[in-house]
Structures are given as structure tokens and as C-alpha cells.
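Structural features, examined
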Amino acid sequence: MCMLRVLTRPAGSHNGKLDGETVNACMIVVKFYSLYRGISADDMNSSILDRVAFNYTEEDCPIVTVPFFKDGCDLELPSELRDCLLDALHLQYVIVTKTGEVKEDDLVAMETRLRKLLI
């Protein structure tokens, strides 16, 4: 969902310059996702609340939550896309943990594969 949004964003419309014109846009989204690996939404919300609680009471806390999907939305990804996303996450894991060698060609191939499945 997030990758598709990035890929369909008009060129130059994002302050961070992350759009479909960015050569490795999909893998950048994978990097962002990987930053939160192992953290549940509840834990993330709790952490945010703990940080702003210093300045705000619970009643006037400025945090607004927006559901990502509609209630009752049972989203199942096509198996080819799911497998590709898992491969991208694995590739990112290998990069971060330095448990193997990842060549530039591997990253280009993964980006190409993701874009092909999404657009």
C-alpha cells in the first residue's frame, strides 16, 4: 500500500523527494518498514504517548490516530507480491545485519521486481 502510494506520487511533490522517479523508492520504503521490525502498533502508540506525556495530560494529548484500513477489511495480498515483499525484507535484513553479501545488482533486481508487481 505504502509502496504503491510512493510510486504513484507526482514527481517532485514530496519534501523528501521520495516518489516514483526515485531510483530505489521501493527499497527505501522497505528500509523504513524495517526500522519498526518487532514493534507492535500498541507498543508504538505507548512509546509515543510516553514521550508526549511529559508536556501534555492524557485528556489534551495532541495525538490523532487514523486507521490504515477500514474496519472489516480483510486484505490478502497476491502470493507473488507477498513473496516478493518477504524477499525484499530478507534482503534488507542481510544488509543491516551484514550476514551476507548484497550486490548493487541484487538491489536493482529487487526494485525492478517490486515495481513490476505493483504498477
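Placed above this text is the structure.
Section: unusual backbone geometry
- Although it is not a glycine, Lys17 adopts a positive phi angle of roughly 60 degrees.
- Note that Lys17 resides in the loop between helix H1 (2–8) and helix H2 (25–35).
- Here Lys17 falls in the exposed class, since its relative accessible area comes to 61%.
- If you check the backbone angles, Lys98 has positive phi at about 55 degrees while not being a glycine.
- Inspection of the secondary structure assignment puts Lys98 in the loop between helix H4 (79–97) and helix H5 (104–118).

Looking at the side chain of Glu111
- Relative to the helices and strands, Glu111 resides in helix H5.
- Among the polar contacts made by the side chain of Glu111, one reaches the main-chain amide nitrogen of Met27 at a distance of 3.0 Å.
- Discounting residues that sit within four places of it in the chain, Glu111 has contacts with Val23, Asn24, Ala25, Cys26 and Met27.

A closer look at the layout of surface pockets
- As a volume, the second largest pocket reaches approximately 170 Å³.
- Lining the second largest pocket, in full, are Val23, Asn24, Met27, Lys31, Gln92, Ile95, Glu104, Leu107, Val108 and Glu111.
- Looking at the lining of the second largest pocket residue by residue, the classes come out as five nonpolar, two polar and three charged.

Some details on H2
- Buried residues of H2: Ala25, Cys26, Met27, Val29, Val30 and Ser34, and no others.
- Looking at the packing, one finds that the buried side of H2 touches H1, H4 and H5.

Let's talk about the nonpolar core
- With 16 residues, the main nonpolar core has Met3, Cys26, Met27, Ala88, Met110, Leu114 and Leu118 as its most contacted residues.
- Counting residues per element, the ones that place at least two in this core are H1, H2, H4 and H5.
- Looking at which element gives the most residues to this core, the answer is H2, with five residues.
- Discounting chain neighbours no more than four positions away, the residues touching Met3 are Cys26, Val29, Val30, Leu85, Leu114 and Leu118.

What counts, and where the lines are drawn
- Residues numbered from 1 in each chain as written.
- Predicted model: local features only at pLDDT ≥ 70, side-chain atom pairs only at ≥ 80, totals over all residues.
- Heavy atoms only, no water.
- Helix = DSSP H or I, 4+ residues; strand = E, 2+ residues; numbered from the N terminus.
- Buried < 20%, exposed > 50% of the residue type's maximum accessible area, 1.4 Å probe, protein only.
- Polar contact = N/O pair within 3.5 Å; in protein donor to acceptor, adjacent residues only side chain to side chain.
- Contact = heavy atoms within 4.5 Å.
- 1 Å grid on protein atoms, 1.4 Å probe; cavity = no way out; pocket = protein on both sides within 12 Å on 5 of 7 lines; lining within 4 Å.
- Points joined across faces, edges and corners; volume = space filled by probe spheres on them.
- Nonpolar A, V, L, I, M, F, W, Y, C, P; charged D, E, K, R; others polar.
- Core = buried A, V, L, I, M, F, W, Y, C linked by side-chain atoms within 4.5 Å.

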